[in-house]
Amino acid sequence: MSLTQAQPASGREARETVAPAVDLVLGASACCLACVFTNPLEVVKTRLQLQGELQARGTYPRPYRGFVTSVVAVVRADGLCGLQKGLAAGLLYQGLMNGVRFYCYSLACQAGLTQRPGGTVVAGAVAGALGAFVGSPAYLIKTQLQAQTVAAMAVGHQHHHQSVLGALETIWRQQGLAGLWRGVGGAVPRVMVGSAAQLATFASAKAWVQEQQWLPEDSWLVALAGGMISSVAVAAVMTPFDVVSTRLYNQPVDGTSRGQLYSGLADCLVKIWRQEGPLALYKGLGPAYLRLGPHTILSMLFWDELRKLAARGQHQGT
């Protein structure tokens with residue numbers, strides 16, 4: 001059953017059913033394609049979220065101010081290639097996380113769970129949690145690589161990794177296997193709320209656009225409109241968890257592999273609220289939306305169109 005079938009399927013949608021294994025490949029491929037375009041926004045967002053960590057507003061230097069100024073600052077410090085820092089780790093994360101996420105969600109659709117009240121949200125959240133857990137080591141490395149820059153522009157702890165493989169080796173040697181999943185406690189709720197919002201709102205928004213008959217039923221513009229609506233919901237609910245997740249992943253650790261700044265999700269939330277103020281939970285909201293918006297739109301659009309092609313190929317082969 002299609003991911004977009006939160007509502008009873010039409011004959012056209014029924015013909016677009018693909019196997020969960022195919023959804024795994026298509027979902028991972030679509031999100032990796034989107035990642036190539038949106039990774040520069042992720043770099044800027046990461047820097048803004050780490051700026052002024054656990055410091056009161058107005059008491060720290062701000063090398064990054066707003067989206068455009070921050071892009072210029074990254075380019076001046078790291079060159080144009082700096083806007084694609086962490087891309088390899090980002091692609092690995094998108095492939096792992098979204099492959100698992102779309103596969104599990106497709107299984108839930110196939111079992112009819114999304115036809116039940118609230119089933120779309122629950123299935124999206126559970127699928128997102130599983131995907132976040134599997135992809136957590138890649139997100140850890142991506143965050144640390146994107147935070148790295150010259151000393152004059154540095155924000156947050158600097159880990160000095162040279163590459164993805166080098167980071168994996170360093171973390172494995174110093175912290176063991178568990179170190180690769182440090183910070184997963186912030187990543188799972190982050191992706192749970194984001195995945196639930198994305199999958200639920202994309203499904204309902206796309207169905208609503210189709211019902212209005214503003215656009216041709218088979219047009220890619222239907223998926224585009226659904227993705228645009230979905231991206232607003234995703235950015236609104238996901239940004240506070242995104243800030244916390246970035247902080248947990250990037251913090252330094254002590255000799256026992258424990259975080260030196262935060263002990264976990266709740267501790268991070270409380271410290272940010274008390275020391276930086278509640279608005280700090282929405283640091284980087286502009287680039288976060290600019291990143292989440294296009295990424296949601298592109299990934300859902302690519303995924304939807306790829307599924308149509310795959311389903312038609314299966315249909316012609318039967």
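None of these values were measured; they are calculated from a predicted model. (Residues numbered from 1 in each chain as written. Predicted model: local features only at pLDDT ≥ 70, side-chain atom pairs only at ≥ 80, totals over all residues. Heavy atoms only, no water.)

K.L.:
Explain the packing of aromatic side chains to me, please; I cannot follow it from the model alone.
P.N.:
Pairs of aromatic rings are described using the distance from one ring centre to the other and the angle between the two planes. With the rule as written, the count across this model stands at three aromatic pairs. The rings of Y93, Y139 and Y249 are connected pair by pair, giving a single aromatic cluster. The lysine or arginine in question, K142, covers the ring of Y139, its NZ or CZ lying 4.3 Å from the ring centre. (Phe/Tyr/Trp six-rings, centres within 6.5 Å; stacked < 30°, edge-to-face > 60°. Lys NZ or Arg CZ within 6 Å of the ring centre and 35° of its normal.)

K.L.:
Whenever I open this one, helix α2 (residues 20-50) confuses me. Can you help?
P.N.:
Each full turn of the α-helix corresponds to 3.6 residues, which orients residues three or four apart in the same direction. For α2, spanning 31 residues, the distance from its first C-alpha to its last is only 38 Å, which falls clearly below the expected 45 Å at 1.5 Å a residue. Along α2, the sharpest kink reaches roughly 55°, centred on T38 and followed within four residues by the proline P40. Directly after α2, the chain includes G52, whose backbone phi takes a positive value near 70°. (Helix = DSSP H or I, 4+ residues; strand = E, 2+ residues; numbered from the N terminus. Expected span 1.5 Å × (residues − 1). Bend = angle between axes of the 7 residues up to and from the residue.)

K.L.:
Which parts of the structure should I look at to understand the environment of I229?
P.N.:
Take I229: it is sitting in helix α8 (residues 220-250). When the C-alpha atoms of I229 and F202 are compared, they prove to be 7.2 Å apart, with 27 residues separating the residues in sequence.

K.L.:
Would you explain the nonpolar core in this entry?
P.N.:
Nonpolar side chains tend to gather and get buried jointly when the protein is soluble and globular. With 16 residues, the main nonpolar core has Y93 and I141 as its most contacted residues. Only α4 (87-110), α5 (119-147), α6 (164-175) and α7 (184-212) provide two or more residues apiece to this core. Per-element accounting of this core gives the leading share, six residues, to α5. Once you skip the residues sitting within four places of it in the chain, I141 turns out to touch A89, V164, A167, L168 and I171. (Core = buried A, V, L, I, M, F, W, Y, C linked by side-chain atoms within 4.5 Å. Buried < 20%, exposed > 50% of the residue type's maximum accessible area, 1.4 Å probe, protein only. Contact = heavy atoms within 4.5 Å.)

K.L.:
Can you help me understand unusual backbone geometry in this one?
P.N.:
When glycine is set aside, most residues are seen to have a negative phi, and most peptide bonds are trans. For L54, which is not a glycine, the phi torsion comes out positive at approximately 55°. Within the secondary structure, L54 sits in the loop between α2 and α3 (67-78). One non-glycine residue, S257, adopts positive backbone phi at about 70°. Mapped onto the fold, S257 is located in the loop between α8 and α9 (265-276).

Limitation: the analysis is restricted to geometry and does not speak to function.
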